[in-house]
Amino acid sequence: MKKYLIVCLACVSLFGNAQEKWSVAQAAASQQKLNAEFSNPAETPLDENNLKYFQGLDFYPILEKFAVEAHFIRTENEKAFQMKTSTKRLPEYVKYGELHFQIDGKKLKLNVYQNIELSKKPGHEDDLFLPFSDKTCGKGSYIGGRYIDMKIPKYDDVLLDFNTAYNPYCAYNHKYSCPIVPLENDLDIAITAGVKKFHN
């Protein structure tokens, strides 16, 4: 496994009204878990050749500035829609809410979605999907954008940690069908956090 470059010395910080705590260790653990999954032949999206030489994913340095307090707004009466993917598959999603936050004083917004079929399966009723793209796409990060996994918020203010952002499986293997980031979730800022683009 690759060592993780940690540039924040704070052990724990509590965000304003958010009910969740953030720590460098927590973000690093998320990255370690991802590396473990990629190293496991039963879970990895890597093909046989890439798995053979896999040493660990490349990550941006963990930065506290990219673990932000976001204000969650539930959007009611949204209509389900078919989200485009990298193949002809068109899974049904519904916009579940909006996340409003700031980075470097810039006001930003991301929509968060719920996969209708997945939400009907036991254990996934609270799963939410947060796809986004930003100014690093095609440069330091995957050109198709990245994802963050979330749960339905229990409070109006939540922790949004871009240090946990990961690539779609399509970034590693073309056999997968991956949702394409909606245009409204393109951020006009460089999110230098989370997984970098994959190098063969």
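Further up the page is the structure itself.
Residues numbered from 1 in each chain as written. Predicted model: local features only at pLDDT ≥ 70, side-chain atom pairs only at ≥ 80, totals over all residues. Heavy atoms only, no water.

J.: Sorry if this is basic, but what is going on with the overall build of the protein chain here?
T.: Secondary structure assignment for the protein chain yields 3 helices and 9 strands. Its helices and strands taken in sequence order, the protein chain reads β-β-α-α-β-β-β-β-α-β-β-β from the N to the C terminus. Within the protein chain, buried positions represent 46% of all 200 residues. Split by element, the accessible area of the protein chain, about 11200 Å² in all, is 52% carbon and sulfur. (Helix = DSSP H or I, 4+ residues; strand = E, 2+ residues; numbered from the N terminus. Buried < 20%, exposed > 50% of the residue type's maximum accessible area, 1.4 Å probe, protein only. Areas by Shrake-Rupley, 256 points an atom, 1.4 Å probe, with all protein chains shown as cover.)

J.: How should I be thinking about the side chain of S141 in this particular structure?
T.: Assignment of secondary structure puts S141 in the loop between β7 (127–132) and β8 (146–151). Apart from residues no more than four positions distant in its own chain, S141 is found in contact with Y60, D134, T136, R146, V195, K196 and K197. (Contact = heavy atoms within 4.5 Å.)

J.: What should I look at first to understand the packing of aromatic side chains in this one?
T.: Remark: the centre distance and the inter-plane angle together describe each pair of aromatic rings, the angle taken between the planes. Counting across every chain of the model gives 12 aromatic pairs. With a centroid separation of 6.3 Å and an interplanar angle of 20 degrees, the aromatic rings of F72 and Y96 are classed as stacked. In this pair, F72 sits in strand β3 (residues 67–74) while Y96 sits in strand β5 (residues 92–103), placing the two residues 24 residues apart along the sequence. What makes F72 buried here is its relative accessible area of 9%. For the pair F132 and F162, a centre-to-centre distance of 5.2 Å together with 80 degrees between the ring planes defines the contact as edge-to-face. Here the residue F132 occupies a position in strand β7, and F162 occupies one in the segment after β9 (157–161), the gap between them amounting to 30 residues. One exposure class covers both F132 and F162, and it is buried. By way of ring pairs, the aromatic residues F38, F54, Y169, Y172, Y176 and F198 are connected into one cluster. Geometry around Y96 places R74 over its ring, the cationic atom sitting 3.6 Å from the centre. A cation over an aromatic ring shows up here: K196 above the ring of Y60, its NZ or CZ 5.1 Å from the ring centre. (Phe/Tyr/Trp six-rings, centres within 6.5 Å; stacked < 30°, edge-to-face > 60°. Lys NZ or Arg CZ within 6 Å of the ring centre and 35° of its normal.)

J.: In this structure, what is going on with helix α1 (residues 24–39)? I would like to understand it.
T.: Here α1 is 16 residues long and its end C-alpha atoms lie 23 Å apart, about the 22 Å a rise of 1.5 Å per residue gives. Buried within α1 are the following residues: V24, A27, A28, Q31, L34, N35 and F38. Angular distribution of buried residues about the axis of α1 spans 115 degrees; they occupy a single face of the element. Exposed side of α1, more than 90 degrees from the buried face: A25 and K33 are the residues found there. (Expected span 1.5 Å × (residues − 1). Arc of directions from axis to C-beta.)

J.: Would you take a moment to explain the nonpolar core for this structure?
T.: With 24 residues, the main nonpolar core has F101, I103, L160, F162, L187 and I191 as its most contacted residues. Mapped by element, the contributors of at least two residues to this core are β3, β5, β6 (106–115), β7, β8 and β9. With 4 residues, β5 is the single largest residue contributor to this core. F162 has contacts with F66, V68, F101, I103, L110, F132, I148, L187, I191, A193 and G194, leaving out every residue within four places of it along the chain. (Core = buried A, V, L, I, M, F, W, Y, C linked by side-chain atoms within 4.5 Å.)

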